[in-house]
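Letter by letter, the chains look like this.
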Amino acid sequence: MRRFLIWIVLCFFGLCGLAGTSPVSPKNVIIMIGDGMGFNHVEAASLYQYGHYKGQIYWTFKQLAACTYSLNNPDGYKPSIAYRDFAYFLAGPTDSAAAATALSTGQKTMNGMLGMTPDEKSLRHIMEDAEVMGKATGVVSTVPFAHATPAGFLVHISSRGKYPEIAQQMLWDSAAEVIIGAGHPWYDDDGRQVGGLEANRFETPQKYDRVGGLESWKKIMNGEPGADCDGDGTPDPWTLVQSRQELRDVSEKDTPKRLLGVLTVYNTLQCSRSGDVKAPPYKVPLLETSPTMSEIMAPALCVLKQDQDGFVLMAEGGAIDWASHGNLSGRLIEEQVDFDKAVEYAVEWIEKHSSWDETLLIITADHETGYLTGPRSDPVWQPLVNYGVGNLPGMEWHGKGHTNQLVPVFVKGAGAETFVQRATMIDPSVGAYMDNTAIPNTVRELWKRATP
Ligand SMILES: [Zn+2]
């Protein structure tokens, strides 16, 4: 009898699975974006950390890829001709603004544009869908929070260069619960305070544009409320954190409703610090005053998980791109390792505070930067050369800008299987891939499935 009952139960779930009605809708979505992170960036950090390829934790997830082109490139990405000419990938790449818009809204736009169509109509962010569903939302980055990738998930602005307007929309108009990033108007790239000193409170050699201008900064300092983040009709103030210690002090005992982190560096947490930029990884000591990427995700998740309806968090390893634009191999490794550790942190967090049944973790990139390959690659692609753990692998850069290559997509958790089904295109080198717009649209599809 018992065996018969088990058989009935198994058949029931089996049929549900066949009918596609299994409840795999993610309550929580964590999307981690390595800005500029191509497959070789990942592999370089794997060789450095593990002494072999595919060492990072995310290689145990579902492995896919995405094409990234924007509307600036009418030819898109064509795998049938991509590998005939070494220069193919250099033509017509996306920028971070158009790519973030694609990853957030599910629609492509022109380079430079954030959350808008080419004719400047607002597109709907996945964060806005989440807010309607009652979920909490947040963006964190290792570069200024008003930079293209985090901005691309929250704002509707025609140009990524309009920093004051971008920061103002994020801080005072968006319903986000968490915004954390660099861009502090009083600090330099070494985490030294250079402005806002006692004698002349608001004088600084840096700009206020990344925090929305001086008036916006004064509002932040005065704890003035921004938009209504929880839909109760009352504007909600930001709780401001700046130092690494203040970030660490955000705890489960007294968690704020909204958290704004303006970290005490100007451009990046580590990548722009002074010292020999061509030195091997960690030869120039990391800034003690800057948090790691894991340390900015921890308080973000602490705040977001208070929402019973779930959350969406976008976490950006932004300086992978900055290091790659400069062809700075050592600093790239530092940034990629920091990103990889943040993914490990996210996995631990999900297993401790949530589960893979209710949380979806997506690891991807907005585009590749620097055209990173193994040595002596042009005209034939060569693999990176493994020199063992702790040693910079043999690598070669072929550009200072972005490329049109496919980027990695790793997914695990609630709904991951559906991503595999949506990766319907095949690349001869990388395998199954999807368009970058399919990433948010697949999340939407999963959410819809759960709605009766
Ligand atoms: Zn980018």
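Residues numbered from 1 in each chain as written. Predicted model: local features only at pLDDT ≥ 70, side-chain atom pairs only at ≥ 80, totals over all residues.

K.L.:
Which parts of the structure should I look at to understand the overall build of the protein?
P.N.:
When helices and strands are tallied, the protein shows 14 helices and 15 strands. Relative to the globule expectation of 22 Å for 452 residues, the C-alpha radius of gyration of the protein, 22 Å, shows essentially globular dimensions. Each principal axis of the C-alpha atoms in the protein carries an extent, and together these give about 80 × 60 × 45 Å. Residues classed as buried in the protein amount to 52% of the 452 residues present. A fraction of 71% describes how many contacts in the protein between residues 6 or more apart in sequence connect residues 24 or more apart. (Helix = DSSP H or I, 4+ residues; strand = E, 2+ residues; numbered from the N terminus. Rg over C-alpha atoms; globule rule 2.2 N^0.38 Å. Buried ≥ 20, exposed ≤ 12 C-beta atoms within 10 Å, placed from the backbone. Contact = placed C-beta atoms within 7 Å.)

K.L.:
Help me understand the nonpolar core in this model?
P.N.:
Here is a general trend for soluble globular proteins: nonpolar side chains tend to be buried in one another's company. One finds Met32, Met170, Met297 and Ala300 to be the most contacted residues of the largest nonpolar core, which totals 124 residues. Among residues more than four places away in sequence, those in contact with methionine 297 are Val140, Ala315, Ala342, Tyr345 and Ala346. (Core = buried A, V, L, I, M, F, W, Y, C linked by C-beta atoms within 7 Å.)

K.L.:
Is there a simple way to explain the sheet that holds strand E15 (residues 431-435) in this structure?
P.N.:
Note on sheets: strands pair through backbone hydrogen bonds, and any given pair is parallel or antiparallel. With mixed pairing, the eleven strands of this open sheet are ordered in space as E5-E6-E4-E3-E7-E1-E8-E13-E2-E15-E14. Single-partner strands in this sheet number two, and they are strand E5 (239-241) and strand E14 (425-427). On average, each strand axis in the sheet is tilted by 20 degrees relative to the strand beside it, whichever way the strands run. (Pairing = 2+ DSSP bridges. Axes fitted to C-alpha atoms, helices over the stretch in contact; angles between N-to-C directions.)

K.L.:
Can you walk me through the pairing of strand E8 (residues 359-365) in this structure?
P.N.:
Side chains on a regular strand alternate between the two faces of the sheet. Of all seven residues in E8, seven are buried, a share of seventy percent or more. Of the two faces of E8, both are covered, the one formed by Thr359, Leu361, Ile363 and Ala365 as well as the one formed by Leu360, Ile362 and Thr364. Bridging between strand E1 (residues 28-34) and E8 involves seven bridges; their strand directions are parallel. What sits directly across from isoleucine 31, in E8, is isoleucine 362. Pairing between E8 and strand E13 (residues 407-413): five bridges, direction antiparallel. If you follow isoleucine 362 over to E13, its bridge partner there is valine 411.

K.L.:
Which parts of the structure should I look at to understand the confidence of the model for the protein?
P.N.:
A residue-level look at the protein finds 94% of positions with pLDDT of 70 or above and a mean pLDDT of 94. Under a pLDDT of 50 for its full length, residues 1-21 has, in the predicted model, three contacts with residues more than four places off or in other chains. (pLDDT = per-residue confidence, 0-100.)

K.L.:
How do you make sense of the packing of helix H2 (residues 39-50) against helix H12 (residues 329-353) when you look at a structure like this?
P.N.:
Helix packing geometry: the angle between the two helix axes and the distance between the axes. Where H2 meets H12, the closest approach of the two axes is 9 Å, and the angle between their N-to-C directions is 85 degrees. Taken together, H2 and H12 sit at an angle that is classed as roughly perpendicular. Taking contact as the criterion, the partners of His41, Val42, Ala44, Ala45, Tyr48 and Gln49 in H2 are, on H12, Leu332, Ile333, Gln336, Val337 and Asp340. (Parallel < 35°, antiparallel > 145°, perpendicular 65-115°, else oblique.)

K.L.:
Help me understand unusual backbone geometry, please; the structure alone is not making it clear to me.
P.N.:
Glycine aside, residues mostly have negative phi, and peptide bonds are mostly found in the trans state. Along the chain, aspartate 378 connects to proline 379 via a cis peptide bond; the corresponding omega equals 10 degrees. Here the phi dihedral of tyrosine 282 falls at roughly 70 degrees; this positive angle occurs in a residue that is not glycine. Structurally, tyrosine 282 can be placed in the loop between strand E6 (259-262) and helix H10 (293-304). Of note, the phi angle at tyrosine 371 is positive, near 50 degrees, even though the residue is not glycine. Following the sequence through the fold, tyrosine 371 ends up in the loop between strand E9 (368-369) and strand E10 (372-373). C-beta crowding within 10 Å serves as the criterion here: with 26 such atoms nearby, tyrosine 371 is assigned to the buried category.

K.L.:
I keep staring at the pairing of strand E7 (residues 311-317) and nothing clicks. Help me out?
P.N.:
Counting buried positions along E7 yields seven of seven residues, so the element is predominantly enclosed. Neither face of E7 is open: one carries Phe311, Leu313, Ala315 and Gly317, the other Val312, Met314 and Glu316, and all of them are buried. By the bridge criterion, six bridges tie E1 to E7 in an arrangement that is parallel. Within E7, the position partnered with isoleucine 30 by the bridge is leucine 313. Of the strand pairs in this sheet, strand E3 (residues 136-144) and E7 are connected by six bridges, and their pairing is parallel. By the bridge assignment, serine 141 is partnered in E7 with glutamate 316.

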